[in-house]
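Chains, contacts and geometry: an overview
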Amino acid sequence: MHETQETLATQPTSARKKPNYEILAAQLDEIKADIKQKVGAEDAAYIRRIIFIQRICEWSGRILLMLGFLQPLLWVAGVLSLATAKILDNMEIGHNVMHGQYDWMNDKHINSKGYEWDIACDGASWNRVHNYEHHTYTNIIGKDRDFGYGLLRLSNDFRWRVKNLWQFATYIVLSVLFQWGVSYHEMAAERVFFGKKKDNRKNQVTHNELKKRFFSKGARQLVKDYVLFPLIAGPLFLWVFAGNLIANLLRNLWTSTIIFCGHFTGDVETFKEEDCKNESRGQWYYRQALGSSNIKGGNLFHVLTGHLSFQIEHHLFPDIPARRYREMAPKVQAVFKQHGMHYNTGGFLKQYASVLKRIIRYSFP
Amino acid sequence: MRLLLDKFTDRIFHHGSWKGYWEVLMQQIKPAWRDGYFRARVVTVKNLNTHILEVVLEPDSSWPTHAAGQHIALTIELNGRLTTRVFTIASGANTHQRDKQIRLVTKVKAQGALTPYLHTCVPNQWVNISAPMGEFVWPQTEKPLLMIAGGSGITPFIAMLDDAINNAQVNQKAVHLLYFAKPNEHVLLEELSTFSKRCESFTYDTLTKQRDGDVEAHLSYFADAHWLVCGPHAMFEQVETYAKTISAPVSSEHFAALPVVSHTSLTESETFSLVHNGQSLTIDNQQTLLLQLQQAEQPVTYGCGMGICHQCQCVKKRGVVRDTRTGELSDSAEQLIQLCVSQAVTDVEIQL
Ligand code: FES
């Protein structure tokens, strides 16, 4: 996995129409303060309810998988149930809790320091790259290593290379193995295994520690889904093995798709390193806003995306309990409109098509 | 077994503890069932006077009985947030064994994080408590005892007397109580009078500073006794200074009044102490905790430095901090804080 992040700066950022940053910041701060006041018992009850549902889905899934020999449909239900559990765990619980959205509850099992999720990626490692880098330097080419993950060329900021010709296939592979991609991400970015080291990065964790965590968390996941639970099933080893494999695959495809729709739709903009030098709060908001896109959908859809269907609101207010984004979205949209800023939203199919188009478009020089 | 299960849960379900993994499920059946806490059922909540509240709790049977004089941490979910405060148990171990109940008697602090909401607890509601803790108990001594109570500092003495009189410990020696409070704010007087009726060697005085002067004025009569003092910090200091001059033995428990925080004080630079991992550092209220830890070259984890990423988060054990983004003041009890957006408003203790 090689990454190329030389900035060619072909899109002059100055060409964009700029809002009044101070007013923008004040308006968005107000929306945030308003919601913060409301956050309380309801939100605590909500996250506990989701954790409750997650546990139920996980265990009914694991049990149903073992009943597949009675009736294969039970096995199918088991796969879906387990996949749902994993999706809830990763998106609505893990992602949001690890963003600190529920830290105010003072509950040691529901806070950003303590939470570990059901995915190959070590929570602390994800926290560093995602919460810190990606959310601070959103879409700044060269600083936000989430833009294209060093694998895909998604804008003219990157020089075209021959490997980009087949980047659609790369994208499919990435989606299928998404949890491993996420897990490998920090190490790839830090060039733990090979490649030159960037010296402008401060390393808070040693490479050995990174490797240790990568292998230990990954191994535990593999053992759980492909050794332990299949073994418990005894003669039904293969049923459970295959069920777990498919559940993980469904979760991978789902999360990858949602995340791509939140970040790489056609209209999403990129920024340059200068853009975040001495950046004001308003400028930071502005960058968050134009670097993300939303997906319209129903209640269940939003829950299953961990409310990342409100990616814009999530990037503006990463530590507000995600279910509140629904109330905030219309207000945010109104503010954007007032400043003539594009509020990137659309139905799932429209957004996804635009992602695919982007991947294909930048396959070529 | 428990350890094994915890290890298993950690490896396989990535959850620190077995009990924690099932917590939310169990709570559907047993409200307030929580890893690391005991449960207790609220029996009654009533006002003893305008400032003092009595809460009777029935802990689960797994709760280890306290020794009279000890305290517990009480945790209640207030608007979704687990809020914890420490209270002395104002009843003896005998009473707990007999009735399965314990009693807390506390002053309601208007600005407090927990006490103003205590009266909203309803009978049969479940709350969390810690195991009993504290060393302030009936002393092993041949000497007569002098108990010195200030305000709600009466509570451990009530518990001790409850047990001592039941066990007839008091008959063997003279016990005298000096009970200071503001005029008309003495509580549990009926109980004190019952104690003294039941047991001749127990006597007490209810005193007010205005009428009877400072505590010092009364101490010289009890030079040969073992002193027990529980009350506000100022009172404790007076007693301790006096005890030194006549080398009287003292056991004590004192509560520092909650730091008074005024917003205006932030414009002037003030210095505080920051205790972290057993080390102490002098800091000011102008810069964030993160910056000052960095300047002191302490190992801290951080990321964005602007309150987004939560990398710099740590547990604040005590003290009040101010959120530099909103100006909001924290609770004074244990809480998670982000170092990069927190300034000290009082002395602070954190765990890195
Ligand atoms: S360093 Fe990012 S929240 Fe404090």
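Provided above is the structure to which this section pertains.
Residues numbered from 1 in each chain as written. Chains lettered and ligands numbered in written order. Predicted model: local features only at pLDDT ≥ 70, side-chain atom pairs only at ≥ 80, totals over all residues. Heavy atoms only, no water.

**What about the overall build of chain A?**
As a reminder of what qualifies: Only runs of H or I of at least four residues qualify as helices and only runs of E of at least two qualify as strands under DSSP, and these elements are numbered from the N terminus. Radius of gyration: over C-alpha atoms. The globule rule applied is 2.2 Å multiplied by the number of residues raised to the 0.38 power. Three labels apply to residues, based on accessible area from a 1.4 Å probe with only protein chains included: buried if under 20% of the type maximum, exposed if over 50%, partly exposed otherwise in between. Note on definitions: a residue-residue contact is assigned when non-hydrogen atoms from the two residues lie within 4.5 Å. Shrake-Rupley sampling with a 1.4 Å probe provides the accessible areas, and residues are treated as covered by the protein chains on show and by no other component.
Along the backbone of chain A there are 13 helices and zero strands. In chain A, the succession of helices and strands from N to C terminus is α-α-α-α-α-α-α-α-α-α-α-α-α. Over its C-alpha trace chain A gives a radius of gyration of 21 Å, about what one expects of a compact globule, namely 21 Å for 365 residues. Within chain A, buried positions represent 59% of all 365 residues. The contacts of chain A with a sequence gap of at least 6 include a subset with a gap of at least 24, amounting to 73%. Summed over its atoms, the accessible surface of chain A is roughly 14,900 Å², and 64% of this surface lies on carbon and sulfur atoms.

**Re the interface of chain B and chain A**
To be explicit about the condition: Put simply, buried area is how much 1.4 Å-probe accessible surface two parts lose in total, over both of them, once they are put together. Basic side-chain nitrogens of Lys or Arg form a salt bridge, by our definition, when they fall within 4 Å of a carboxyl oxygen of Asp or Glu. In protein, a polar contact requires one atom able to donate a hydrogen and another able to accept it; more generally it is a pair of N or O atoms within 3.5 Å, and residues adjacent in sequence count only if both atoms are side-chain atoms. Following the grouping adopted for this structure description, the nonpolar residues are Ala, Val, Leu, Ile, Met, Phe, Trp, Tyr, Cys and Pro, the charged ones are Asp, Glu, Lys and Arg, and the polar ones are all others, Gly among them.
Taken together, the 40 residues of chain B in the interface contact 43 residues of chain A. In this assembly, chain B packs against chain A so that about 3,600 Å² is buried in total across both faces, 54% of it on carbon and sulfur atoms. The largest contributions to the chain B side of the interface with chain A come from B:His14, B:Val24 and B:Ile308, which together make up 17% of the buried area. Linking chain B to chain A there are three salt bridges. Across the pair B:Glu77 and A:Arg48 runs a salt bridge, and its minimum N-O distance is 3.3 Å. The interface formed by chain B and chain A contains 18 residue pairs in polar contact (both at pLDDT 80 or more). The biggest single contributor to the side of chain B that touches chain A is helix α2 (residues 18-29) of chain B, with eight residues. Per-class residue counts for the side of chain B that touches chain A are 15 nonpolar, 16 polar and nine charged.

**A look at the packing of helix α1 (residues 2-13) of chain B against α2(B)**
Between two packed helices, the angle of one axis relative to the other and the distance separating the axes together describe the packing. Residue and element names in this part refer to chain B. Counted only if it meets this: For helices, the axis comes from a line fit to the C-alpha atoms of the stretch in contact; other axes are also lines fit to C-alpha atoms, and the angle between any two N-to-C directions lies between 0 and 180 degrees. Should an angle fall under 35 degrees it is called roughly parallel, over 145 degrees roughly antiparallel, and 65 to 115 degrees roughly perpendicular, with every other angle called oblique.
Interaxial distance between α1 and α2 falls to 7 Å at its minimum, and their mutual angle equals 75°. As summarised for this structure, α1 and α2 are arranged roughly perpendicular, according to the angle between their axes. Contact with α1, carried on its side by Arg 2, Leu 5, Asp 6, Thr 9 and Phe 13, involves Trp 18, Lys 19 and Tyr 21 of α2 and no other residues of that element. Along the lines of polarity and charge, the residues of the contact of α1 with α2 split into four nonpolar, one polar and three charged.

**A closer look at the packing of helix α2 (residues 41-66) of chain A against α2(B)**
As a packed pair, α2(A) and α2(B) sit with axes 9 Å apart at the nearest point and diverge in direction by 105°. Judged on the interaxial angle alone, α2(B) and α2(A) are roughly perpendicular. Packed against α2(A), whose contacting residues are A:Arg48, A:Ile51, A:Phe52, A:Arg55, A:Ile56, A:Glu58 and A:Trp59, the element α2(B) presents B:Tyr21, B:Trp22, B:Val24, B:Leu25, B:Gln27 and B:Gln28 at the interface. A breakdown of the residues in the contact of α2(A) with α2(B) according to their chemical character gives eight nonpolar, two polar and three charged.

**Section: the side chain of B:Ser130**
Residue and element names in this part refer to chain B. By the element assignment, Ser 130 lies in the loop between β6 (126-129) and β7 (145-150). A polar contact of 2.9 Å, which involves the side chain of Ser 130, links it to the backbone nitrogen of Ala 73. Leaving out residues up to four positions away in the same chain, Ser 130 has contacts with Phe 38, Trp 63, Ile 72 and Ala 73.

**Focus: the environment of A:Glu92**
All names here are of chain A. For Glu 92, the location among the structural elements is in helix α3 (residues 72-98). Through-space distance from the C-alpha of Glu 92 to that of Lys 357 is 28 Å; in sequence the pair is 265 residues apart. Those residues in contact with Glu 92, other than ones at most four positions away along the chain, are Tyr 46, Ile 47, Ile 50, Ile 87, Val 303, Gly 306, His 307 and Ala 322. Polar contacts involving the side chain of Glu 92 include one to the side chain of Asn 96, which spans 2.9 Å.

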